[in-house]
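# Remarks on the overall topology
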Amino acid sequence: MTATLVAKDVAGGYAHRTLFAGVDLTVAPGDVVGVVGANGAGKSTLLRILAGDLEPLEGTVSVAPADAFVGWLPQEHERVPGETVAAYIARRSGCAAATRAMDAAAAALAESEQGADDYSVALDHWLATGAADLDERMPAVLADLGLDTDTVRPDSTMMTALSGGQAARVGLAALMLSRFDLVLLDEPTNDLDLDGLDRLERLIGELRSGVVLVSHDREFLARTVTRVLELDLAQHTTTVYGGGYESYLEERAVNRRHRREQYEEFAEKKADLVNRARVQREWSSHGVRNAIRKAPDNDKIRRRAATESSEKQAQKVRQMESRIARLEEVEEPRKEWQLQFTIGAAPRSSSVVATLDNAVVRQRGFVLGPVTLQVDAGERIGITGPNGAGKSTLLRLLLGRQAPDDGRASLGASVEIGEIDQARAEFAGPQRLVDAFEQRVPSWSTAEVRTLLAKFGLGSDHVERAVDDLSPGERTRAGMALLQARGTNVLVLDEPTNHLDLPAIEQLEQALESYDGALLLVSHDRRMLQNVRLDRRWRVDGGRVSETTP
């Protein structure tokens, strides 16, 4: 079935705050609409409204035909305890909900024949979701995604036992196994490796259904979307741009320049008229005084001179004021909040930061090595490879956090490590953010901590919350703030762009340009790997490390 979604004049947010308004969007079969905007602009809220999970503050959302199967795949950072891989896929693909609805309809039919129509509808929907043969289709898709069913058993392996990369591939499998008529995807690229990204891009290109997706992966957007919907938090505008992502960037830059030029032209014209009106008032007052001073001592002549002069000047003032009133008001474009980020520097480390000499690590049937490597002070190294290939294990070896089973590993002197790890574990737990941050910079006052966090978009409502209650993007910005507060000469970034919005990613890239310490960058973000200056590249695959051209 093909379906079309139409959103008319939609506003979304909370009772006390409207995040966006006036969204007009039509998603037809074959459309791929990318939703972009700063964190907090309401992108996930919009997807929930389009999915029917949340009521809009204003406007309407309709789907034709009305029984179309809309798939909403939200970001899931917390896996449900006790949920198997098979149950997760059934839930994410909509098959579990369809099965429950059919079972309920069957039970109602058993009690009364009046439920026959409801059962027929529920059965048709159950069949349309692909629930009937989901279990038969699942193993082949998982195997195709590199998830060995001897290791990842759909009916017994718990989602909580999987690594982030494995969980991302299971999420991709759920999308591949689904039969949605419309697909809504919230950050689908998080934790996917390059192979997973390629598969996702091909899948989206092959879908006949309409797709609305939220992503901060610039290369992914450039390769997939046909239109862009921008939620501009600063200007309180929503704009649909035709063409792909690169076209959107060009058109947005032109629009912003035009808005600024229009405002400056208006402001200059208004200032000129206001100044001329002020001069006319001064002339009017000055002219009256001169007429009185020069006129003979005759009250009648004096009054007539004063009146004539006053009326002429007053008329000119009214004309100026009328011209000012007729000016079409142009609102000044609001300046966007921008993250200003620098990486704190520590004294230089020893010339050799870390070495591995035929190092081998063995864990649960996986073997990394033997690996012989050296990281020198100031070297910038990009690390890529499939999920599960051993990148995180390699980092632990280099940083002295895991001893090799064979061979040697050593860490240099005066090494000050700054890190954003993939799990964002630096900030976790029930503590308030302000307290957790203060513990890491004990020499800072509470006021200094609050001021710094505010510069990273973490205001009073964030710093008072438990760290565990913050979003992954907010925890990432807290980690970036810590990098600025503490000096580092060895910077380790493991998938740093996950959960960051586009402006923050660009600020991170700029900060890395001026950073002169050693850098270990693990990333699947193709634009970041292209934009960040690197001296060397390591590829980790199957427990082996090879060097590739930067």
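Residues numbered from 1 in each chain as written. Predicted model: local features only at pLDDT ≥ 70, side-chain atom pairs only at ≥ 80, totals over all residues. Heavy atoms only, no water.

## Focus on the overall build of the protein chain
We apply this condition: Numbering of helices and strands runs from the N terminus; a helix is a DSSP stretch of H or I covering at least four residues, while a strand is a stretch of E covering at least two. Put simply, the radius of gyration uses C-alpha atoms, and a globule should come to 2.2 Å times the residue count raised to 0.38. Three exposure classes are used, based on accessible area relative to the maximum for each residue type with a 1.4 Å probe and protein chains only: buried under 20%, partly exposed in between, and exposed over 50%. Contacts between residues were defined by any pair of non-hydrogen atoms, one from each residue, lying within 4.5 Å. In these tables, accessible area is a Shrake-Rupley quantity obtained with a 1.4 Å probe, and a residue counts as shielded only by the protein chains included in the view. Under the convention used here, Asp and Glu are negative, Lys and Arg are positive, and both His and the chain ends fall outside the count. By convention, the point assigned to a charge is CZ for Arg, NZ for Lys, CD for Glu and CG for Asp.
Within the protein chain one finds 17 helices and 18 strands. In terms of overall size, the protein chain is more extended than a compact globule, its C-alpha atoms giving a radius of gyration of 31 Å where 550 residues would be expected to give roughly 24 Å. Among the 550 residues that make up the protein chain, the fraction classed as buried is 46%. Taking as baseline every contact in the protein chain between residues at least 6 positions apart, the subset at least 24 positions apart corresponds to 71%. Taken as a whole, the protein chain presents about 27000 Å² of accessible surface, with 48% of it coming from carbon and sulfur. Within the protein chain, the 83 negative side-chain charges are centred at a point lying 10 Å from the centre of the 66 positive side-chain charges.

## Notes on the side chain of Lys391
Formally: When a carboxyl oxygen of Asp or Glu lies within 4 Å of a side-chain nitrogen of Lys or Arg, that pair is called a salt bridge. In the analysis that follows, any N or O atom pair within 3.5 Å is treated as a polar contact, provided that within protein one partner can donate a hydrogen and the other can accept it, and provided that, for residues neighboring in sequence, both atoms belong to side chains.
Checked against the element boundaries, Lys391 lands in helix α11 (residues 391–398). Buried within the structure, Lys391 lacks any salt-bridge partner; Glu495 is the closest side chain of opposite charge, at an N-O distance of 6.0 Å. Polar contacts involving the side chain of Lys391 include one to the main-chain carbonyl oxygen of Gly385, which spans 3.0 Å.

## Remarks on the packing of helix α5 (residues 134–144) against helix α6 (residues 164–177)
Put simply, the rule is: To get an axis, a line is fitted to the C-alpha atoms, and for a helix only the part in contact is used. The angle between two axes follows their N-to-C directions and goes from 0 to 180 degrees. For classification, angles of less than 35 degrees are called roughly parallel, those exceeding 145 degrees roughly antiparallel, those between 65 and 115 degrees roughly perpendicular, and all remaining angles oblique. By definition, turning the near helix anticlockwise from the far helix through less than a right angle yields a left-handed crossing, and turning it clockwise yields a right-handed one. Under this grouping Gly is polar, as are all residues other than the nonpolar Ala, Val, Leu, Ile, Met, Phe, Trp, Tyr, Cys and Pro and the charged Asp, Glu, Lys and Arg.
Following both chains from N to C, one finds α5 and α6 inclined at 130 degrees, their axes separated by 10 Å at the closest point. Looking at the two axes, α5 sits oblique to α6. Note that α5 runs across α6; the crossing there is right-handed. Facing Leu134, Arg137, Met138, Val141, Leu142 and Asp144 of α5, the residues of α6 in contact are Ala173, Met176 and Leu177. Residues that form the contact of α5 with α6 fall into these classes: seven nonpolar, no polar and two charged.

## Side note on the UniProt feature "domain: ABC transporter" (unreviewed entry) in the protein chain
Stated precisely, the cut-off is as follows: UniProt positions are given in the numbering used here, feature names are shortened, and annotations may be inferred rather than shown by experiment.
Per the UniProt annotation, the sites labelled "domain: ABC transporter" (unreviewed entry) are residues 5–267 and 347–549. Its end C-alpha atoms 30 Å apart, residues 347–549 is made of 31% helix and 29% strand.

## Here's the deal with the confidence of the model for the protein chain
This is how the line gets drawn: A score from 0 to 100, pLDDT tells how confident the predictor is in each residue.
For the protein chain, the mean per-residue pLDDT works out to 85, and 91% of the residues sit at or above 70. No element of the protein chain has a lower mean pLDDT than helix α10 (residues 299–326), which averages 65, and none a higher one than strand β3 (residues 32–36), which averages 95.

## Here we look at the sheet that holds strand β1 (residues 4–14)
The strands making up a sheet associate through hydrogen bonds between their backbones, and the pairing can be parallel or antiparallel. This is how the line gets drawn: Two strands pair under a simple rule: DSSP has to find at least two bridges between them.
In space, the three strands of this open sheet follow the order β2-β1-β4, with antiparallel pairing throughout. Bordering the open sheet on either side are β2 (17–27) and β4 (58–64), each of which pairs with just one other strand. For this sheet, the mean angle separating the axes of adjacent strands, direction not counted, is 15 degrees. Where β1 lies against β2, seven bridges are found, and the strand directions are antiparallel. Residue pairing across strands places Val10 opposite Val23, the latter belonging to β2. Here helix α1 (residues 43–51) sits on the sheet in contact with β1, β2 and β4, set at roughly 130 degrees to β1.

## Remarks on the packing of helix α12 (residues 433–440) against helix α13 (residues 446–455)
When two helices pack together, their arrangement is captured by the angle between the axes and the distance separating the axes. Contact geometry for α12 and α13: axes closest at 10 Å, N-to-C directions at 110 degrees. Relative to α13, α12 is oriented roughly perpendicular. For the element pair α12 and α13, the recorded crossing hand is right-handed. For the pair α12 and α13, the contacting residues are Leu433, Val434, Phe437 and Glu438 in the first and Thr446, Val449, Arg450, Leu452 and Leu453 in the second. Its residues assigned to classes, the contact of α12 with α13 shows six nonpolar, one polar and two charged.

## Considerations on the pattern of salt bridges
The tally for this structure, following the rule as stated, stands at 30 salt bridges. Residue Glu219 is joined to Arg223 by a salt bridge in which the shortest nitrogen-to-oxygen separation is 2.9 Å. You can see Glu219 and its partner Arg223 sitting in helix α8 (residues 218–224), four residues apart, about one turn around the helix. Since its relative accessible area comes to 14%, Glu219 is described here as buried. We note a salt bridge from Glu230 to Arg252, for which the minimum N-O separation is 3.6 Å.

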